[in-house]
Amino acid sequence: MKAPLSWLRESAAVPDDPATVATRLAACGFEVAGVDGETIDVEVTANRPDCLSVYGLAREAATAFDVALAPPPGGDLPPTEPTGTVPVTIDDAGCGRYALALADVRIGPSPRWLVDRLAAAGVRPISNVVDITNYVMLEIGQPMHAFDAATLAGPEIRVRLARPGETLVTLDGQSRELDASMLVIADRDRATALAGVMGGAASEVSNRTTRIALESAWFDPAAVRTTSRRLGLKTEASTRFERGTDPWGPTRGLARALSLFEQTGAGQRVGPMVDVWPSPAAPPTVVLRRARLASLLGDQVPDQDVIRILSALGFLVAPETAGWRVHVPTFRVDVHREVDLIEEVGRHWGFDRIPATFPALAELPRPSVAGLDLGRRLRRVLAGVGLQEAATFTFLGREAAEPFARPGIGLVDIANPLSENFSVLRPSLMVGLVDAVVYNRRRGQESVNLFEIGAAFDARGEARRVAWVLTGPREEHWSTPAASADVYDVLGIAELLAEAVGTEIEARAATDAPWFVPGRAAVLQTTGRDGTARVGACGQVLPAIVEARGLPRGEVVVAGELDLEALVGAARPAASHITALPRHPSVVRDVSLFVDERLPAAEVRGTIWAHAPDTLVAVREFDRYRGKGVPEGRISLSWRLTFRAPDRTLTDHEVQRAIEALVTAIGAAHGATLRSAAGPSPTE
Amino acid sequence: MSPDPIAALRDDFTRALEAARTPAEVRALRDRFLGRKNGHVTTLLKTLGALPADERRTLGQQTNELKRDIEARLTAREADVGRDLPPPGSTDVTLPGRRRATGRRHPLTLVQERVEEIFLGLGFQVIEGPEIEDDWHNFEALNMPPEHPARDMQDTLYLSAPLPAADGGRPATLLRTHTSGMQIRYMQANPPPVRVIAPGRVYRRDSVDATHTPMFSQVEGLVVGEGISLGDLKGTLNAFASRFFHAAVRTRFRPSFFPYTEPSAELDVECQGCSGRGCPLCKQSGWMEVLGCGMVHPAVFEAVGYDAERWTGFAFGVGIERLAIRLYGVDDIRMFYENDLRFLGQMPL
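Basis of the calculations
- Residue positions are counted from 1 within each chain, in the order its sequence is given.
- For naming, the first written chain is A and the first written ligand is 1, with later ones following in the order written.
- Totals for whole chains, interfaces and linings use all residues, but because this is a predicted model, local features are given only for residues with pLDDT of at least 70 and pairs of side-chain atoms are given and counted only at 80 or more.
- When DSSP finds at least two bridges between two strands, those strands are taken to pair.
- Going along the chain from the N terminus, every DSSP run of H or I of four or more residues is numbered as a helix, and every run of E of two or more is numbered as a strand.
- Note on definitions: angles span 0 to 180 degrees between N-to-C directions of axes, and those axes are lines fitted to C-alpha atoms, for helices only across the stretch in contact.
- In this description, any two residues whose backbone-derived C-beta atoms lie within 7 Å of each other are considered to be in contact.
- Scored from 0 to 100, pLDDT reflects the predictor's confidence in each residue.
- Residues of type Ala, Val, Leu, Ile, Met, Phe, Trp, Tyr and Cys that are buried and joined through C-beta atoms within 7 Å form what is called a nonpolar core.
- We call a residue exposed when 12 or fewer other C-beta atoms sit within 10 Å of its C-beta, buried when the count reaches 20 or more, and partly exposed for counts in between; the C-beta positions come from the backbone.
- Only Asp, Glu, Lys and Arg are considered charged, only Ala, Val, Leu, Ile, Met, Phe, Trp, Tyr, Cys and Pro nonpolar, and every remaining residue, Gly among them, polar.
- Take the number of residues in a helix, subtract one, and multiply by 1.5 Å to get its expected span.
- By the definition adopted for this analysis, an angle is roughly parallel if under 35 degrees, roughly antiparallel if over 145, roughly perpendicular if from 65 to 115, and oblique otherwise.
- In this scheme the handedness of a crossing depends on how the near helix is turned from the far one: anticlockwise by less than a right angle means left-handed, clockwise means right-handed.

### Regarding the sheet that holds strand S13 (residues 211–219) of chain A
Residues and elements named next belong to chain A. Ordered by their spatial adjacency, four strands build an open sheet running S6-S13-S5-S14, and the pairing between neighbours is antiparallel. Edge strands, defined here as strands with exactly one partner in the open sheet, are strand S6 (144–148) and strand S14 (267–276). Sheet twist, expressed as the average angle between the axes of neighbouring strands with direction ignored, equals 25°. In this structure, S6 lies alongside S13, joined through five bridges in antiparallel fashion. Directly across from His-145, in S13, lies its bridge partner Glu-215. Taken strand by strand, helix H5 (residues 128–140) contacts strand S5 (95–105), S6, S13 and S14, and its axis lies near 165° from that of S6.

Here you go:
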């Protein structure tokens, strides 16, 4: 709302300095967007439609500066006749009051002072009649509309809902299809204006107009909002109506407009005014308790200041023993209950005067959500191993998201996306991370190692995930040839994350992650009380996917993702105790076997554990070799086995027997043959 | 005699020692400098007899020190050449070191954790909640009934079909427009008193530009107790501002409007770019808007079944990007979501 200070000062003798007035308005809740010459541009919050007017702002300024406020600018109310000169019928509760007067007019330009004021307030002058309706709206907040009376069939006015299929060409020249949710002003035959939103072109005031029907009404905020939203049409009038105008405004608006017609020579009233007001509501009364005011603000406001502030704002204040009985003025559509009055007192008393205190803790604070610690721990681990945390958009384009959707589980669409690029919720954090990799590769970054923790969405709902995407050399240094990140890098990160939450994951060849290269994809699972559960997947992202996102051919991008809830669900509860160091030495043996080249190492590992003596404490694969000396179709797999007993030093003989038994078992289970079993290694 | 024969001799020795690569070469050095007959040091000592007594004493002490020093360095060098250490100059220490790869946390994470730490220290607990919400939690329970202007299609992103809620409650129909819904979720599940913060992402139907992204992060705060006042709100948020910015930061509370608080306020802190003198960053006002806050509206307490007469409280919502912009002097919010390593790499480890 742009308010020229000279206009405002017609109602309140506030200082003649825009900056001073602007500062004080800001301090009582009216943020100032700027001051241009003598015009103050005030950002009026949605709850204060009464201040979408110069007079409303003058009331606030008068209260803030403790100066008198003049009565609202107006004129004498014209005589009223219910039937009046033009019959008015209200068919829908969306119109609470409808006042109308006829006037004979001489269309022409407005006087200079009026044009200047409108221009300062940001309103384009059109003609004397239209300018005066706009002037009244800006001055006292009552939107008005002038019809060319000669165009009204009847003439009569009917406020009703639009008929299905009814159309109306509005003042902006657009033909609009109406529906039965929209309130219209109609004459005898057809809709001629959108109630509270915009007039119709057919009844527009023109140079040839000699008589106008001047409308000044009260429309229900919801009714205006519905029409405005459905048609995507916002106007100065609709903004005021949908926030709530003063039910006493319609006749005051008419009186003010008619007096301006006379003052400027634009026209003269013809006959009495019509005023249809089916059910005037009594303004509410609210009790304000002195003790509540003090306890909610945390400050004692003296009684005389409470009364001064509320009275200046237009409230009628009647003292009672414990406080005040307050009559709310009809223009204050935002005040319904005690707390609303406390705000009024508080903001004019001054928030800055209220002493700052610190609330005592009444109880031991409850523990924070587990996700807080989890997120921090995972970030620490991932950053510690060289991954940079990223933040990617939650929504993205369908073509980017679709390749990462689990088969058979639908994507989540946004009903009203801003653009195609933001139309689908991410089914995986990898989608955005792949794009971030492409972004950085295109800017010359060799290695890009990113992770993100956040929500992903599919038809099953929302799930919290952690994902990581790697490309390029693992380590860049002049001394060492660079090796590129591969599937084992992303697998190792998954293992590390599992350890960080206190569980272990097993990787198996994946068949349900079609975004990964077949054969270079692992499903990640945990085994807990409820059996084996899928917690994620990792692998090499399909070249077709990364190339479609803009990466050059031949670049390898590897990625992984874990579902945090599933992962944490599998974690052992706080296994944080530390095992005492062994008192007896371990015996370490290496065993190499020839196995079928397609046999997963995990199966052999399973067989080893299944047949292991109690003394076997660790199994680790340390070599996988194919080539010279290895039969066709087979590979050499090597394990390092660690044996230890808690109560004695193991003998070579007993370890040798255990190895032999394991080799026999693996041979039987997998057709493996012994390549070598290294003699006693130095004990660890 | 030359001006300083002792220093000259020490330099000669240092150069010769560096050149010595084998045990034999080191032995030869010992003879050359310390040999009984013709060693340089021995020779020098002999010449001292011709000097006056006091000069002789001083130079004698210094020469003996040099002798001990050469002796010690020869012994050390003998041990080194015996170990076959690489000769000096074979490692260029001015080449860059081999850095273990290290990642950094995202600036928004750093700011969020900083906010969390401050409030944890003030006795708050941290809670989390879903990013997809139902209409009741996001709007209606927060005193925004249907047809409220803040619910404009312009602002909210809706799902094309409802999704099941994680807690089995009302199906989600929209992307939360603020973290304030967490006030409702928490109060429904927990009796007062309350002292929580709820960080998380929120969504608005805003076009992307230097000051807007359709997605950003907030930290919601809620305190409920008996006798909680606007003064308590001021004290708590002043404490936050002084910890987040600096101890002496000036603040001001301006009345504002939010449907779910009454009275409502905006907290401004003095501009960090100009210390309140006025600059382009703060549009010459000297102040920067930091967060919205207010006393919990009784309608919100009524929606969750709290006795609005007995309990009062305050709530606030801090924009993480806004704080990050203030803290790092970034002038384009999009930087936080571009994931450019040249930007992210500037974060502290």
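Once you've had a look at it, read on.
### So, the confidence of the model for chain B
Within chain B, residue pLDDT values average 89, and 97% of them lie at 70 or more. Our summary of model confidence lists the complex with pTM equal to 0.87 and ipTM equal to 0.89.

### Considerations on unusual backbone geometry
The residue after Gly-154 of chain A, namely Pro-155 of chain A, is reached through a cis peptide bond having omega -10°. Relative to the helices and strands, Pro-155 of chain A is located in the loop between S6 and strand S7 (157–161). In this model, Pro-192 of chain B is joined to Pro-193 of chain B through a cis peptide bond whose omega is 0°. Topologically, Pro-193 of chain B is positioned in the loop between helix H7 (181–189) and strand S5 (194–203). Not every positive phi belongs to a glycine, and Asn-143 of chain B is a case in point at roughly 65°. Considering the arrangement of structural elements, one finds Asn-143 of chain B in the loop between helix H6 (135–138) and strand S3 (158–163). The phi angle at Ser-275 of chain B is positive, at roughly 55°, despite the residue not being glycine. Structurally, Ser-275 of chain B is set in the loop between strand S8 (261–270) and strand S9 (287–296).

### Points about the sheet that holds strand S28 (residues 587–596) of chain A
All names here are of chain A. On the basis of which strands lie adjacent, the open sheet formed by four strands has the order S29-S30-S28-S31 and antiparallel pairing. Two strands in the sheet have a free side with no partner beyond their single neighbour: strand S29 (616–625) and strand S31 (673–677). On average, adjacent strands in this sheet sit at an angle of 25° to one another, irrespective of strand direction. Packing against the sheet, helix H18 (residues 601–610) makes contact with S28, S29 and strand S30 (634–643), and its axis sits at approximately 155° to S29. Along the sheet, helix H19 (residues 652–670) makes contact with S28, S29, S30 and S31, crossing S28 at roughly 15°.

### Regarding the nonpolar core
Core analysis: the largest hydrophobic core is formed by 248 residues, its most contacted members being Val-184, Ala-195, Leu-433, Trp-468, Val-469 and Ala-559 of chain A. If you look at the next biggest cluster of nonpolar residues, it comprises 14 residues, including Val-604, Leu-637, Trp-639 and Leu-662 of chain A.

### Here we look at the interface of chain A and chain B
On the side of chain B, 71 residues touch chain A, which itself brings 78 residues to the contact. If you tally residues by element for the side of chain A that touches chain B, the top one is helix H11 (residues 338–349) of chain A, at six residues. In terms of residue class, the side of chain A that touches chain B is built from 39 nonpolar, 20 polar and 19 charged.

### Comments concerning the environment of Leu-52 of chain A
Looking at the secondary structure, you find Leu-52 of chain A in the loop between strand S3 (39–43) and helix H3 (54–65). Apart from residues no more than four positions distant in its own chain, Leu-52 of chain A is found in contact with Met-1, Val-44, Gly-141, Thr-239 and Arg-240 of chain A.

### Re helix H2 (residues 23–34) of chain B
Here H2 of chain B contains twelve residues, and its C-alpha end-to-end distance of 16 Å stays within 8% of the 16 Å for a straight helix at 1.5 Å per residue. For H2 of chain B, the secondary structure elements touched by its buried residues are helix H1 (5–19), helix H3 (40–47) and helix H4 (53–83) of chain B.

### A word on the packing of helix H6 (residues 221–231) of chain A against helix H7 (residues 236–243) of chain A
Residues and elements named next belong to chain A. The interhelical angle for the contact between H6 and H7, taken along N-to-C directions, is 140°, at an axis separation of 7 Å. Classified by the angle between their axes, H6 and H7 sit oblique to one another. With respect to the hand of their crossing, H6 and H7 are arranged in left-handed fashion. Across the interface between the two elements, Pro-221, Val-224, Arg-225 and Ser-228 of H6 pack against Ser-238, Phe-241, Glu-242 and Arg-243 of H7. Of the residues contributing to the contact of H6 with H7, the split by class is three nonpolar, two polar and three charged.

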